[in-house]
Amino acid sequence: KGARFYIYDYYTYRWGFLPAPMWKAAARDFKEWKKAGIEGFLSEVSSTGAASWDSFWPTFCMAGEMMLDAERDPDDVIDDWCASRYGRAARQMREYFRVWEKGVCDERCFLKNPDEFPQVFQAEAESYLAAAEAADGGNPFIRSARRRYDAWKSNLAERVRYVSPKEVAVSGELRRLP
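The structure displayed is predicted, hence computed values, not measured ones.

**What to know about the nonpolar core**
Part 1 of the reasoning: Ranked by size, the top nonpolar core spans 36 residues in total, and within it Tyr11, Met62, Met93 and Tyr96 carry the most contacts.
Part 2 of the reasoning: Mapped by element, the contributors of at least two residues to this core are α1 (23-35), α2 (52-68), α3 (74-86), α4 (90-105), α5 (116-136) and α6 (140-158).
Part 3 of the reasoning: If sequence neighbours within four positions are ignored, tyrosine 11 has contacts with Met22, Ala26, Asp29, Phe30, Trp33, Phe41, Ser43, Glu44, Phe56, Thr59 and Phe60.

Have a look at this one:
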């Protein structure tokens, strides 16, 4: 009798509210795990009500879909979420998610280089989110996306105060520490 293998993962462990556009990585994981004969999956998750659920719901939705059908096209899964979750703003939110995908999948990954976000991704993400709000501003999921986006934007903006370990902002000017 052969061994049975299961995956225990840490998708959300101590992630907080940070962006987590890892749904396509999860889809790739499940496709490979199926090929390898992996029979089960369990992930470390944050407690109920933790901020990470707002960021990670797409990853876990993708994981659930891929457990049911690992051959499914991840773009079809995302299109389905957007249609059911965002209604009249589905197209705009799908484009908003594409911006986040580029940020984790492109050569200019903002998760590795967060300073890239304002220059490369912020205007594009903002335009799609604003268009979604215009299409269906009463949608609670769009309002939630706006709160998350604004928090991420604020967090990244604060990074400029911490330029390097040897520099500090003092009274509006930058001074080197000895």
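**Let's talk about α3**
Part 1 of the reasoning: For α3, built from 13 residues, the straight-helix expectation of 18 Å at 1.5 Å per residue is met to within 8% by its first-to-last C-alpha distance of 18 Å.
Part 2 of the reasoning: Along α3, the residues classified as buried are Pro74, Val77, Ile78, Trp81, Cys82 and Tyr86. All buried residues of α3 lie within an arc of 135° about the axis, which places them on one face of the element.
Part 3 of the reasoning: With its phi angle positive at about 50°, glycine 87 sits one or two positions after the end of α3.

**Digging into the packing of α2 against α6**
Part 1 of the reasoning: Where α2 meets α6, the closest approach of the two axes is 10 Å, and the angle between their N-to-C directions is 115°. Put simply, α2 runs roughly perpendicular to α6. In this structure, α2 crosses over α6, and the sense of that crossing is left-handed. For the pair α2 and α6, contact is made by Asp54, Ser55 and Trp57 and by Ser144, Arg148 and Trp152, respectively.
Part 2 of the reasoning: Considered class by class, the residues forming the contact of α2 with α6 number 2 nonpolar, 2 polar and 2 charged.

**Regarding the side chain of arginine 148**
Part 1 of the reasoning: Mapping arginine 148 onto the fold places it in helix α6.
Part 2 of the reasoning: We classify arginine 148 as buried; its relative accessible area is 11%.
Part 3 of the reasoning: Apart from residues no more than four positions distant in its own chain, arginine 148 is found in contact with Asp54, Ser55 and Trp57.

**Quick look at α1**
Part 1 of the reasoning: An ideal rise of 1.5 Å per residue puts 18 Å on 13 residues; α1 measures up with 19 Å between its terminal C-alpha atoms.
Part 2 of the reasoning: Residues of α1 that are buried: Trp23, Lys24, Ala26, Ala27, Phe30 and Trp33.
Part 3 of the reasoning: Downstream of α1 by a residue or two, glycine 37 has a phi angle that is positive, lying close to 85°.

**Description of the side chain of aspartate 9**
Part 1 of the reasoning: Turning to its location among the elements, aspartate 9 is positioned in strand β1 (residues 6-9).
Part 2 of the reasoning: Residues in contact with aspartate 9, not counting those within four places in the same chain, are Trp33, Phe41, Leu42, Ser43 and Glu44.

**Details of the packing of aromatic side chains**
Part 1 of the reasoning: Counted under the stated rule, the structure contains 14 aromatic pairs.
Part 2 of the reasoning: Here the aromatic rings of tryptophan 57 and phenylalanine 97 are separated by 6.1 Å at their centres, their planes lie at 85°, and the arrangement is edge-to-face. Residue tryptophan 57 is located in helix α2, and its partner phenylalanine 97 is located in helix α4; the two are separated by 40 residues in the primary sequence.
Part 3 of the reasoning: The class of tryptophan 57 is buried, set by a relative accessible area of 12%.
Part 4 of the reasoning: Members of the aromatic cluster, joined through ring pairs, are Trp23, Trp57, Trp81, Tyr86, Tyr96, Phe97, Trp100, Tyr149 and Trp152.
Part 5 of the reasoning: Of note, arginine 85 hangs over the ring of tryptophan 57, and the distance from its end group to the ring centre comes to 3.8 Å.

**A look at the packing of α2 against α3**
Part 1 of the reasoning: At a closest axis distance of 11 Å, the pairing of α2 and α3 adopts a crossing angle of 120°. On the basis of their axis angle, the class for α2 and α3 is oblique. The crossing of α2 and α3 is right-handed. Residue-level contacts link Trp57, Pro58, Cys61, Met62 and Glu65 of α2 to Pro74, Val77, Ile78, Trp81, Arg85 and Tyr86 of α3.

Rules used in this analysis
- Residues numbered from 1 in each chain as written.
- Predicted model: local features only at pLDDT ≥ 70, side-chain atom pairs only at ≥ 80, totals over all residues.
- Heavy atoms only, no water.
- Core = buried A, V, L, I, M, F, W, Y, C linked by side-chain atoms within 4.5 Å.
- Buried < 20%, exposed > 50% of the residue type's maximum accessible area, 1.4 Å probe, protein only.
- Helix = DSSP H or I, 4+ residues; strand = E, 2+ residues; numbered from the N terminus.
- Contact = heavy atoms within 4.5 Å.
- Expected span 1.5 Å × (residues − 1).
- Arc of directions from axis to C-beta.
- Axes fitted to C-alpha atoms, helices over the stretch in contact; angles between N-to-C directions.
- Parallel < 35°, antiparallel > 145°, perpendicular 65-115°, else oblique.
- Left-handed = near helix turned anticlockwise from the far one by under 90°.
- Nonpolar A, V, L, I, M, F, W, Y, C, P; charged D, E, K, R; others polar.
- Phe/Tyr/Trp six-rings, centres within 6.5 Å; stacked < 30°, edge-to-face > 60°.
- Lys NZ or Arg CZ within 6 Å of the ring centre and 35° of its normal.

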